[in-house]
Amino acid sequence: MNKREFLKASGALFAGSMLPRAVAGQELTGPRQNWAGNLTFSTNRLYTPASLDEVRHVVTSCTKLRALGSRHSFNTIADSTQNQISLLKLDEITLDEKARTVTVGGGVTYGKLAPVIDARGYALHNLASLPHISVAGAIATATHGSGVHNGNLATAVSALEIVTANGETLHLSRAKDGEHFLAAVVGLGSLGVVTRVTLDVQPTYQVAQSVYQNLSLDHLKTHLDEIFSSGYSVSVFTDWQNHMGTQLWIKRRLAPGDKNDWAPEFFGAKLATQKLHPLAGHDAESCTEQQGIPGPWYERLPHFRMNFTPSSGKELQTEYLVPRSRGYEAILAVETLRDRITPHLFITELRTIAADDLWMSTAFKRDSLAIHFTWKPEWPEVSQVLPLIEEKLRPFAPRPHWGKLFTVAPAELESRYARLTEFEAMLKHHDPTGKFRNDFISHNLYSS
Ligand SMILES: Cc1cc2nc3c(=O)[nH]c(=O)nc-3n(C[C@H](O)[C@H](O)[C@H](O)COP(=O)(O)OP(=O)(O)OC[C@H]3O[C@@H](n4cnc5c(N)ncnc54)[C@H](O)[C@@H]3O)c2cc1C
């Protein structure tokens, strides 16, 4: 749409629906990109409502609409060729100490939320590698941290408020709505616009993290569970060379009075004596405190600090979740491609996620090992390697991260989600015209 067409269209929008000026779509100048810059959104029309009523106005006035979080996904899941809506202005945070929950507006990030609840004595069960992402955007894609007993971030959701296609407000809760709720939480942005999310909280806690260097991957053959259970949240990083984990990050949850001793060696890996970034050659200043120094949960569970660029910045990401019970086999299968992978790789991270009941979760009914790739921004080469990795992982029925890059065929994807057909039926029920369906959803969910 050129400027003249846009002005005409937005004029018509104003006249037709009497939308307040605040919710008229803005035509933003210059390319609008995702966080990594590998994707330019297909529309310049962005709505930024400041209240539930304004969200409802936007939803009813658009025939096509996609919610946008903090733009940290690497694929087109949040894209739209027509309209996007950002809930940045819906930033309420309401703690209910009696119910042990916190309710956040659709625009709140974990980075905003965590210090607020911590100051009141509360915490979340887990966080991703970075706090910069929005809660609504993270749960929509089943974003996860690590820990054999920790479900992904969406498992903390106890209730949702969603504006559906006809502008109605749908309230769903774990306590009252059974399977309907379990279907909606990892909603892939397709059920409607999530305006409020209620999360379980627990008493605040301290975490200490330390890094070990050079863990032979041989140890994962017989000790995978033991190594990934050596802390509350554990990550193994590898560049796939020399059958070696370059770094092992252990985040220990400390109860009052707990000892905080770290052995100088763990399965032959050596305790680091200085702070390290998981990506070789990157400044560790952007990383959360290491070397066993205790601190609040939200300053240790993520790898990266809030006011710094996480990871590399210019990068691509891919991740596949496989059954943890077959984790070592899956690692060996990927390792056969090491000389195709490493030249284009910043680093791989291995993490664990506990099984859950959320229909579209990558850990649905399956204790999982996540095999993640932070790639250099070399899409032509990376796009050649992904099908090779997916082929190697096929025997393990990998589920690709919904917010990262993958090439798995829709038919295969369908076979990996037992409730997919019912999920589609639920979307059809709430959104019969496909208002919230974009090309990503049409391709991956409906084209097989
Ligand atoms: C540096 C970096 C590190 C990362 N680390 C991790 C990690 O540790 N673990 C992990 O699992 N992932 C990780 N990711 C991936 C990231 O967590 C996911 O892509 C997440 O979905 C991004 O959230 P967002 O707020 O940016 O949402 P967006 O990318 O903007 O949107 C994602 C989806 O959420 C939907 N959505 C957003 N807001 C709403 C709303 N209000 N209502 C309805 N739908 C909505 C969108 O429509 C879209 O479908 C990382 C990404 C980056 C860039």
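Look up: the structure comes first, before these words.
So, here's what we can say about the structure. (Residues numbered from 1 in each chain as written. Predicted model: local features only at pLDDT ≥ 70, side-chain atom pairs only at ≥ 80, totals over all residues. Heavy atoms only, no water.)

1. Describing the overall build of the protein chain
Alright, step 1. Along the backbone of the protein chain there are 12 helices and 21 strands.
Alright, step 2. Taken over the C-alpha trace, the protein chain has a radius of gyration of 22 Å; the compact-globule value for 448 residues is 22 Å, and the two agree within 12%.
Alright, step 3. Put simply, the protein chain has 448 residues, and 58% of those count as buried.
Alright, step 4. A separation of at least 24 residues holds for 71% of the contacts in the protein chain among residues at least 6 apart in sequence.
Alright, step 5. One way to put it: in the protein chain the 45 positive side-chain charges average out to a point 4 Å from where the 45 negative ones average out. (Helix = DSSP H or I, 4+ residues; strand = E, 2+ residues; numbered from the N terminus. Rg over C-alpha atoms; globule rule 2.2 N^0.38 Å. Buried < 20%, exposed > 50% of the residue type's maximum accessible area, 1.4 Å probe, protein only. Contact = heavy atoms within 4.5 Å. Lys, Arg positive; Asp, Glu negative; His and termini not counted. Charge placed at Lys NZ, Arg CZ, Asp CG, Glu CD.)

2. Digging into the site of the ligand
Alright, step 1. Near the ligand, the surroundings consist of 36 residues, among which A67, S70, H72, S73 and S134 are the closest.
Alright, step 2. Take S129: an N or O atom from its main chain is 2.8 Å from an oxygen atom of the ligand.
Alright, step 3. Contacts to the ligand include R351, whose side-chain N or O atom sits 2.8 Å from an oxygen atom.
Alright, step 4. Protein contacts shield 99% of the accessible area of the ligand, which totals 970 Å² for the unbound molecule.
Alright, step 5. Those elements that provide at least two residues to the shell around the ligand are β3 (66-68), α4 (135-140) and β10 (193-200).
Alright, step 6. The greatest single-element share of the shell around the ligand, amounting to four residues, is contributed by α4.
Alright, step 7. Of the residues contributing to the shell around the ligand, the split by class is 16 nonpolar, 16 polar and four charged. (Near = heavy atom within 4 Å. Polar contact = N/O pair within 3.5 Å; in protein donor to acceptor, adjacent residues only side chain to side chain. Areas by Shrake-Rupley, 256 points an atom, 1.4 Å probe, with all protein chains shown as cover. Nonpolar A, V, L, I, M, F, W, Y, C, P; charged D, E, K, R; others polar.)

3. Quick word on the packing of aromatic side chains
Each aromatic ring pair is summarised here by two numbers: the centre-to-centre distance and the angle between the ring planes.
Alright, step 1. Considering all chains together, one arrives at 11 aromatic pairs under this definition.
Alright, step 2. On the numbers, 5.1 Å between centres and 5° between planes, the contact of F373 with W375 is stacked. Each member of the pair, F373 as well as W375, is classed as buried.
Alright, step 3. Here the aromatic cluster, defined as three or more aromatic residues joined through ring pairs, consists of Y205, Y232, W297 and Y298.
Alright, step 4. The ring of W262 carries the charged tip of R252 above its face, separated from the ring centre by 3.7 Å.
Alright, step 5. Positioned above the aromatic ring of Y232, the side-chain terminus of R253 is 5.2 Å from the ring centre. (Phe/Tyr/Trp six-rings, centres within 6.5 Å; stacked < 30°, edge-to-face > 60°. Lys NZ or Arg CZ within 6 Å of the ring centre and 35° of its normal.)

4. Side note on the side chain of T109
Alright, step 1. Along the chain, T109 turns up in the loop between β6 (101-105) and α3 (110-119).
Alright, step 2. In this structure, T109 is in contact with P131, H132, I133, S134, V135 and M306, ignoring residues within four places of it in sequence.

5. Considerations on unusual backbone geometry
Alright, step 1. The backbone of A142 sits at a positive phi, close to 60°, despite the residue not being glycine.
Alright, step 2. As for its position among the elements, A142 is in the loop between α4 and β8 (157-163).
Alright, step 3. In this structure, N214 takes a positive phi of about 65° despite not being glycine.
Alright, step 4. Here N214 shows up in strand β12 (residues 206-216).

6. Points about the environment of L337
Alright, step 1. Looking at where L337 falls in the secondary structure, it is placed in the loop between α7 (327-335) and α8 (338-341).
Alright, step 2. Sequence spacing of L337 and K392 is 55 residues, and the spatial spacing of their C-alpha atoms is 8.7 Å.

7. Here we look at the environment of T348
Alright, step 1. Relative to the elements of secondary structure, T348 occurs in strand β19 (residues 345-353).
Alright, step 2. Between the C-alpha atom of T348 and that of S312, which follows or precedes it by 36 residues, the distance is 13 Å.
Alright, step 3. For T348, the contacting residues outside a window of four places in its chain are V236, F237, T238, W240, I371, H372 and F373.
Alright, step 4. Within the local environment of T348, its side chain forms a polar contact with the side chain of W240, the two groups lying 2.7 Å apart.
Alright, step 5. Among the polar contacts made by the side chain of T348, one reaches the main-chain carbonyl oxygen of H372 at a distance of 3.0 Å.

8. Digging into the nonpolar core
Alright, step 1. Judged by nonpolar contacts, the single largest core of 106 residues is most densely connected at W297 and I371.
Alright, step 2. Those residues in contact with W297 that lie beyond four places of it in its chain are A114, I117, D118, Y122, A123, L124, L127, T204, Y205, V207 and P302.
Alright, step 3. In this structure, Y47, L65, I85 and V163 belong to the second largest nonpolar core, which totals 13 residues. (Core = buried A, V, L, I, M, F, W, Y, C linked by side-chain atoms within 4.5 Å.)

9. Re the pattern of salt bridges
Alright, step 1. All told, the structure shown has 16 salt bridges when counted by the stated rule.
Alright, step 2. Across the pair R419 and E179 runs a salt bridge whose closest N-O atoms are separated by 3.2 Å. With R419 in the loop between α10 (410-415) and α11 (420-430) and E179 in helix α5 (residues 174-184), this pair connects stretches of sequence that are 240 residues apart.
Alright, step 3. Taking the shortest distance from any N to any O, the salt bridge between D225 and R324 comes out at 3.0 Å. (Salt bridge = Lys/Arg side-chain N within 4 Å of Asp/Glu carboxyl O.)

10. Thoughts on the packing of α5 against α11
Alright, step 1. With their axes 10 Å apart at the nearest point, α5 and α11 run at an angle of 95° to one another. As summarised for this structure, α5 and α11 are arranged roughly perpendicular, according to the angle between their axes. Of α11, the residues touching α5 (which contributes H180, A183 and A184) are F423, M426 and H430.
Alright, step 2. Looking at the contact of α5 with α11, its residues break down into four nonpolar, two polar and no charged. (Axes fitted to C-alpha atoms, helices over the stretch in contact; angles between N-to-C directions. Parallel < 35°, antiparallel > 145°, perpendicular 65-115°, else oblique.)

11. Re the pairing of strand β13 (residues 233-238)
Alright, step 1. Burial runs high along β13: six of the six residues are buried.
Alright, step 2. Here β13 shows two buried faces, one formed by S233, S235 and F237 and the other by V234, V236 and T238.
Alright, step 3. Pairing of β13 with strand β14 (residues 244-254) involves five bridges; the strand directions are antiparallel. Its bridge partner lying in β14, S235 is registered against W249. (Pairing = 2+ DSSP bridges.)

12. Structural notes on α5
Alright, step 1. Along α5, the positions that sit buried rather than exposed are F181, L182, A183 and A184.
Alright, step 2. Turning to α5, the residues buried within the fold contact β8, β9 (169-173) and α11.

13. Quick word on the pairing of strand β18 (residues 316-323)
Alright, step 1. The element β18 is extensively covered by neighbouring structure, given that eight of its eight residues are classed as buried.
Alright, step 2. The pairing of β18 with strand β20 (residues 368-375) spans eight bridges and is antiparallel. Within the sheet, the bridge partner assigned to L321 lies in β20 and is A370.
Alright, step 3. Strand direction decides the pairing type here: β18 and strand β21 (residues 399-400), joined by two bridges, are antiparallel. Its bridge partner being in β21, L321 is matched across the sheet by R399.

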